[in-house]
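# Architecture at a glance
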Amino acid sequence: MEDRLKWWQKTNVCEIYVRSFQDSDGDGIGDLKGITQRLDYLKKLGIGAVWITPCYPSPQADNGYDIVDYCAIDETFGTMEDLETLISEAGKRGICIVMDLVFNHTSDQHAWFLESSSGKENPKSDWYIWRDAKPDGSEPTNWRSIFGGSAWTWSETRGQYYLHTFLKEQPDLNWENPEVRCALYDTAIFWLDKGVGGFRMDAITYIKKPAFTDGVPDAGDGMTAIHEMIANSDGILDFLHEFKDTVQSGRDIFTVGEANGVNASDLPEWVGSEGVFDMVFEFSHILLGLKEGTAGAGRIGWTLVDLKRILTDSQEKNAGNGWYPVYFENHDHPRCIDHYFPGTADSNMAAKIIGTLLFTLRGTPFVYQGQELGLRNVAWDDINDYNDISTRNRYGFLISEGKTPVEALAAIHFFSRDSARTPMQWTADKNAGFTRGTPWLPVNENYRTCNVASEEADPDSILSWYRALAEIRRSHSELIEGSYEEILHDSSQIYAFIRRGTTAEAIILTNFSEETAEYDAALLDGAALVISSAENSTKGMLEHLESAVYKRKI
Ligand code: GLC
């Protein structure tokens with residue numbers, strides 16, 4: 001069976017937030033040469049593919065997710081030659097580079113948009129989504145953009161409104177126009193010709209727009225969240241099949257879609273041989289405990305049983321068809337230890353639980369930079385230290401609603417995307433060895449103890465655990481090809497499952513609680529311990545926050 005698996009199912013992927021990984025020229029911003037310098041570090045983590053966040057020319061209104069040229073490199077990050085060097089140096093180490101394709105929107109400074117907005121008569125007039133005002137001059141619909149405020153902005157030159165799912169600096173492309181689709185596919189092929197190994201498809205569930213009608217207001221501002229109105233609209237799969245046929249067919253690459261709005265039950269149409277992508281990032285476990293509101297998400301209670309149900313559902317829906325990208329962090333969410341564990345939890349033990357699940361659930365592990373060190377959220381007390389536009393918008397909204405700065409900052413501390421974007425912590429030296437200049441975003445204060453150099457030297461560190469787990473996954477085929485079966489379903493402390501291969505099975509046990517947890521020791525009859533995060537692992541009992549992997553022949 002293993003032979004039927006593709007290379008990207010057997011390897012591990014690392015997401016690199018280019019701005020924050022390694023600065024090579026002292027300007028305080030990470031760059032492509034910096035990534036090339038760190039390839040051996042990635043290799044030691046068992047990484048076979050590196051997804052780099054957008055490094056195309058951009059005014060950086062949304063840190064590169066607002067693109068002015070899909071086929072060039074922003075000078076902040078280097079040159080096209082730097083990217084070619086990165087691709088070839090990575091290739092020598094058996095690592096491929098995966099580009100982030102941002103195809104739902106461009107920057108409002110893109111030549112296509114400048115032309116389209118110049119008036120109603122021009123060759124690109126239909127490349128974006130233009131609508132007249134309502135008779136009273138107001139926006140065509142009451143949709144609220146994902147980063148707050150109306151999703152429509154008025155263009156004086158054009159005399160119409162344009163749609164933007166995200167910022168007003170990110171106008172949505174009109175996928176109904178075949179010329180637009182062709183132009184986008186050409187840019188993907190441009191990168192394939194450079195030798196990239198795959199694509200992450202940004203915000204891809206928003207490309208198809210349904211009828212432009214008002215939604216039922218979901219808050220006092222009279223608006224309705226655009227996500228509810230347009231995500232995963234009927235007809236989207238026709239576009240994506242065309243993308244697959246034109247760009248991917250016949251090439252040994254992988255695609256992974258950012259698929260907010262695609263649920264486990266939709267997966268058969270989205271992944272696998274009949275689907276449109278090789279994998280999709282679902283949001284169910286990432287959104288657990290969060291509730292959408294006008295100022296971004298609020299918090300609601302959740303239990304371990306909820307999390308187990310969600311993960312098992314995704315595992316089962318991907319079982320017969322398709323493949324799951326296992327992830328717990330990326331550049332859009334705060335650090336996961338602070339999401340899934342209380343602030344009091346021991347970071348080392350909690351991070352090892354996440355690392356264990358990452359490498360033992362069925363699917364391709366996606367590590368986000370710094371996750372392997374156990375980085376936690378930052379909690380700055382000055383909003384000016386925060387860079388992320390969605391964080392700053394949210395703060396402004398909370399203040400306008402009457403919250404005090406202290407209350408608004410408390411919300412920011414839990415939700416800000418900047419917590420995942422602080423510079424990578426390489427050493428205990430100034431600026432954590434990230435830059436010799438001034439970092440574009442403050443370094444997390446814990447860098448003096450939490451950094452690659454000190455964790456490499458410590459066999460009990462989170463980094464050592466991640467490296468060990470990556471090697472265990474590589475060398476125990478049941479962890480790659482085996483089936484998934486959840487056990488101890490009703491336990492409110494333990495998440496456990498079996499990965500059953502043809503000749504052996506692995507039993508994975510994690511104790512999410514800060515108390516010891518007991519289970520029936522007979523579950524492990526004939527099984528031997530492979531690894532445990534506790535000093536003395538005993539069959540039938542897990543220490544607080546312990547993770548353990550056992551194995552037996554079948
Ligand atoms: C995706 C990206 C996010 C960005 C947004 C708009 O969700 O991951 O960082 O802000 O799309 O492009």
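Structure's up top.
Quick notes on the rules
- Numbering of residues begins from 1 in every chain and follows the order in which that chain's sequence is written.
- Given that the model is predicted, a residue must reach a pLDDT of at least 70 before its local features are reported, and side-chain atom pairs must reach 80 or more before they are shown or counted; all residues, however, enter totals for whole chains, interfaces and linings.
- To obtain the side-chain values, all non-hydrogen atoms of the structure were included, while hydrogens and water were left out.
- Any two strands between which DSSP finds at least two bridges are classified as paired.
- Each helix is a run of H or I in the DSSP string that is no shorter than four residues. Each strand is a run of E no shorter than two, and both are numbered from the N terminus.
- Between N-to-C directions, angles span 0 to 180 degrees; the directions come from axes that are lines fitted to C-alpha atoms, helices contributing only their stretch in contact.
- Whether two residues touch is decided by their heavy atoms; if any such pair falls within 4.5 Å, the residues are in contact.
- Pairs were defined over the aromatic rings of Phe, Tyr and Trp, the Trp ring being its six-membered one, requiring ring centres within 6.5 Å. Orientation was assigned from the angle between planes: stacked under 30 degrees, edge-to-face over 60, tilted for the rest.
- Throughout, the term near means that a residue has one or more heavy atoms lying within 4 Å of the molecule or strand in question.
- What qualifies as a polar contact is a pair of N or O atoms within 3.5 Å, subject to a donor-acceptor requirement within protein and to the restriction that residues adjacent in sequence count only when both atoms come from side chains.
- In this description, accessible areas are obtained by the Shrake-Rupley approach with a 1.4 Å probe, and a residue is regarded as covered only by the protein chains that are shown.
- All residues other than Ala, Val, Leu, Ile, Met, Phe, Trp, Tyr, Cys, Pro, Asp, Glu, Lys and Arg, Gly among them, are scored as polar; the first ten of these are nonpolar and the last four charged.
- Angle categories are assigned with fixed cut-offs, so that under 35 degrees is roughly parallel, over 145 is roughly antiparallel, 65 to 115 is roughly perpendicular, and the rest are oblique.
- It is the rotation of the near helix from the far one that decides the hand of a crossing: anticlockwise by less than a right angle makes it left-handed, clockwise makes it right-handed.
- Using a 1.4 Å probe on the protein chains alone, a residue whose accessible area is under 20% of its type maximum counts as buried, one over 50% counts as exposed, and one in between counts as partly exposed.
- To estimate how far a helix should extend, the number of its residues minus one is multiplied by 1.5 Å.
- With a 1 Å grid laid over protein atoms only, a set of points is called a cavity when a 1.4 Å probe fits there but cannot get out and a pocket when it is open yet has protein on both sides within 12 Å along at least five of seven lines; lining residues have an atom within 4 Å of a point.
- Grid points are joined across faces, edges and corners, and a volume is the space filled by probe spheres set on the points.

Quick look at the sheet that holds strand β16 (residues 483-487) now. Strand pairing in a sheet takes place through backbone hydrogen bonds and is either antiparallel or parallel in direction. Within the open sheet, the five strands sit side by side as β16-β17-β18-β22-β20. Their pairing is antiparallel. Every other strand in the sheet has two partners, leaving β16 and β20 (528-532) as the edge strands with one partner each. When strand polarity is set aside, the average angle formed by the axes of neighbouring strands in this sheet is 20°. Sheet topology places β16 next to strand β17 (residues 494-500); five bridges connect them, and they run antiparallel. Counted as the bridge partner of Ile-487 is Ala-496 from β17. Lying over the sheet, helix α10 (residues 304-317) contacts β16 and β17, oriented at roughly 20° with respect to β17.

A separate point is the sheet that holds strand β3 (residues 96-101). The eight strands lie next to each other as β11-β10-β8-β3-β2-β1-β15-β14, forming an open sheet whose pairing is parallel. Two strands close off the open sheet at either side, each with one partner strand: β11 (279-281) and β14 (325-326). Against the sheet, helix α12 (residues 347-360) contacts β1 (12-16), β14 and β15 (364-368), and its axis sits at roughly 145° relative to β15.

The relative placement of two aromatic rings is captured by the distance of their centres and the angle of their planes. Going through the model one piece at a time under the given rule, you end up with 34 aromatic pairs. Ring geometry for Trp-112 versus Trp-127: centroids 5.0 Å apart, planes at 65°, classification edge-to-face. Here Trp-112 is found in helix α5 (residues 111-116), whereas its partner Trp-127 is found in the loop between α5 and β4 (130-131), with 15 residues between them in sequence. In textbook terms, an aromatic cluster arises when at least three aromatic residues are bridged by ring pairs, as seen for Trp-51, Phe-281, Tyr-327 and Phe-366.

What follows concerns the site of the ligand. Around the ligand there are 13 residues in total, and Asp-62, Asp-202, Glu-258, His-331 and Asp-332 lie nearest to it. Asp-202 places a side-chain nitrogen or oxygen 2.9 Å from an oxygen atom of the ligand. Arg-417 is positioned with one of its side-chain polar atoms (N or O) 3.1 Å from an oxygen atom of the ligand. Isolated, the ligand exposes 300 Å² of accessible area, and the fraction of that covered by the protein chains is 96%. Considered class by class, the residues forming the shell around the ligand number three nonpolar, three polar and seven charged.

So, on to the packing of helix α13 (residues 389-400) against helix α14 (residues 405-415). Orientation of α13 relative to α14, taken along the N-to-C sense of each, is 150°, at an axis distance of 9 Å. Relative to α14, the element α13 lies roughly antiparallel. When the axes of α13 and α14 are compared, the crossing they make is right-handed. Seen from α13, the contacting residues are Thr-391, Arg-394, Tyr-395, Leu-398 and Ile-399; seen from α14, they are Pro-405, Ala-408, Leu-409, Ala-411, Ile-412 and Phe-415. Grouping the constituent residues of the contact of α13 with α14 by class yields nine nonpolar, one polar and one charged.

For strand β18 (residues 504-511), the tally of buried residues reaches eight of eight residues, placing the bulk of the element in the interior. Because side chains alternate across β18, one face comprises the buried residues Ala-504, Ala-506, Ile-508 and Thr-510, and the other comprises Glu-505, Ile-507, Leu-509 and Asn-511, equally buried. Pairing of β17 with β18 involves seven bridges; the strand directions are antiparallel. The residue bridging Ile-494 from the neighbouring strand is Asn-511, located in β18. Where β17 hands over to β18, the hairpin turn is made up of three residues, counted between the paired strands. Here β18 pairs with strand β22 (residues 547-553) via seven bridges, running antiparallel. Across the sheet, residue Ile-507 finds its bridge partner in β22, namely Tyr-550.

Even without being a glycine, Asn-63 presents a positive backbone phi close to 45°. Here Asn-63 shows up in the loop between β2 (47-52) and α4 (80-92). Asn-63 sits in the buried class, given a relative accessible area of 9%. One non-glycine residue, Ala-432, lies in positive phi territory at about 60°. Mapping Ala-432 onto the fold places it in the loop between α14 and α15 (452-456). Residue classification places Ala-432 among the buried residues on the basis of a relative accessible area of 0%.

Okay, the packing of helix α6 (residues 178-193) against helix α8 (residues 236-248) next. Running from N to C, α6 and α8 point in directions that differ by 40°, and their axes come no closer than 10 Å. Read as a crossing pair, α6 and α8 show a hand that is right-handed. Contact residues: α6 offers Arg-181, Tyr-185, Ala-188, Ile-189 and Leu-192, while α8 offers Phe-239, Glu-242, Phe-243, Thr-246 and Val-247. In terms of residue class, the contact of α6 with α8 is made up of seven nonpolar, one polar and two charged.

If you check α6, its first and last C-alpha atoms are 22 Å apart, about what 16 residues at 1.5 Å a residue would give, namely 22 Å. Along α6, the residues classified as buried are Val-180, Arg-181, Ala-183, Leu-184, Tyr-185, Thr-187, Ala-188, Trp-191 and Leu-192. Elements that come into contact with the buried residues of α6 comprise α4, β3, α5, β8 (198-201) and α8. With a side-chain oxygen lying 2.8 Å from the backbone nitrogen of Glu-179, the N-terminal cap of α6 falls on Asn-177. Count one or two residues on from α6 and you reach Gly-195, which has phi positive near 100°.

This brings us to α12. Between its first and last C-alpha atoms α12 spans 20 Å; for 14 residues at 1.5 Å apiece the expected length is 20 Å, and the two agree. N-cap assignment for α12: the residue whose side-chain oxygen lies 2.9 Å from the backbone N of Asn-348 is Asp-346.

Turning our attention to the layout of surface pockets. In this structure, the second largest pocket encloses a volume near 520 Å³. Lining the second largest pocket we find 24 residues, and of these Lys-6, Trp-8, Gln-9, Gly-272 and Ser-273 sit closest to its centre. Elements supplying a minimum of two residues to the lining of the second largest pocket: α1 (7-10) and α8.

Don't take any of this as a statement about function, it's just geometry.
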